[in-house]
Amino acid sequence: MKLITAVVRPERVQQVKEALFQAGISGLTLSRVSGHGGEKEIVEHYRGTRVMIEFRDKVEFRMAVSEPFVEVAIRAICQGARTGEVGDGKIFVQPLERVIRIRTGEEDAAALTPVTETRLTPGFPV
């Protein structure tokens, strides 16, 4: 199991999400973040003062995947996020020691599988 973290341009979120869903990866977390990489700094003027914008708005995708989905997820993220310009982002892949699905107590790979209607506990809200 791996934890995949991808930092991408905010304007590419829809493309990355669609690529991941098409690859069969639907369990993910999305956060708005700021960062600085290889992009040049931007200088703006605000109320007559020169302001240097050091950090750019980015979006961070995080997902826990089983081994067969690691390369699939990486390809999907690259497909959705790539513009060919500096600042397209980065993907970080880390080992994941343990995963527990709170609702059922399932662990590891069983906790990473998609939840379907046939597996839901009757009367339990999703």
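Just so we're clear, the structure is a prediction, and the values are computed from it rather than from any experiment.

> Is there a simple way to think about the packing of helix 1 (residues 13-22) against helix 2 (residues 70-81) in this case?
A packed helix pair is summarised by two numbers, namely the angle formed by the two axes and the spacing between the axes. Direction vectors running N to C along helix 1 and helix 2 enclose 150 degrees, while the axes themselves pass 7 Å from each other. Compared by their axis directions, helix 1 and helix 2 come out roughly antiparallel. The hand of the helix 1/helix 2 crossing is right-handed. Across the interface between the two elements, Gln15, Val16, Ala19 and Leu20 of helix 1 pack against Ala73, Ala76, Ile77, Gln79, Gly80 and Ala81 of helix 2.

> I keep staring at the nonpolar core and nothing clicks. Help me out?
Across soluble globular proteins, you tend to see nonpolar side chains buried next to one another. If you look at the biggest cluster of nonpolar residues, it comprises 18 residues, and the most contacted ones within it are Ile4, Val8, Val16, Leu20, Phe61, Met63 and Ile77. Among the secondary structure elements, those contributing two or more residues to this core are strand 1 (2-8), helix 1, strand 5 (56-65) and helix 2. Top contributing element to this core by residue count: helix 2, with six residues. With residues up to four places along the chain from it excluded, the contact list for Ile4 reads Phe61, Arg62, Met63, Val65, Val70, Ala73, Ile77, Ile91, Phe92 and Val93.

> Which parts of the structure should I look at to understand the pattern of salt bridges?
Side chains that differ in sign of charge can pair as their charged atoms come close. One pass over the structure, following the stated rule, counts four salt bridges. Measuring nitrogen to oxygen at the nearest pair gives 2.9 Å for the salt bridge that ties Asp88 to Arg9. One end of the pair, Asp88, is in the loop between helix 2 and strand 6 (89-95); the other, Arg9, is in the loop between strand 1 and helix 1, and 79 residues separate them in sequence. An identical accessibility class is assigned to Asp88 and Arg9; each is buried.

> Any chance you could explain the pairing of strand 4 (residues 49-53) here in plain terms?
Looking along a regular strand, one sees side chains alternate from face to face of the sheet. Here strand 3 (residues 42-46) pairs with strand 4 via five bridges, running antiparallel. Bridge assignment links Tyr46 to a residue of strand 4, and that residue is Thr49. Where strand 3 hands over to strand 4, the hairpin turn is made up of two residues, of which Arg47 adopts a positive phi near 50 degrees.

Calculation rules
Residues numbered from 1 in each chain as written. Predicted model: local features only at pLDDT ≥ 70, side-chain atom pairs only at ≥ 80, totals over all residues. Heavy atoms only, no water. Axes fitted to C-alpha atoms, helices over the stretch in contact; angles between N-to-C directions. Helix = DSSP H or I, 4+ residues; strand = E, 2+ residues; numbered from the N terminus. Parallel < 35°, antiparallel > 145°, perpendicular 65-115°, else oblique. Left-handed = near helix turned anticlockwise from the far one by under 90°. Contact = heavy atoms within 4.5 Å. Core = buried A, V, L, I, M, F, W, Y, C linked by side-chain atoms within 4.5 Å. Buried < 20%, exposed > 50% of the residue type's maximum accessible area, 1.4 Å probe, protein only. Salt bridge = Lys/Arg side-chain N within 4 Å of Asp/Glu carboxyl O. Pairing = 2+ DSSP bridges.

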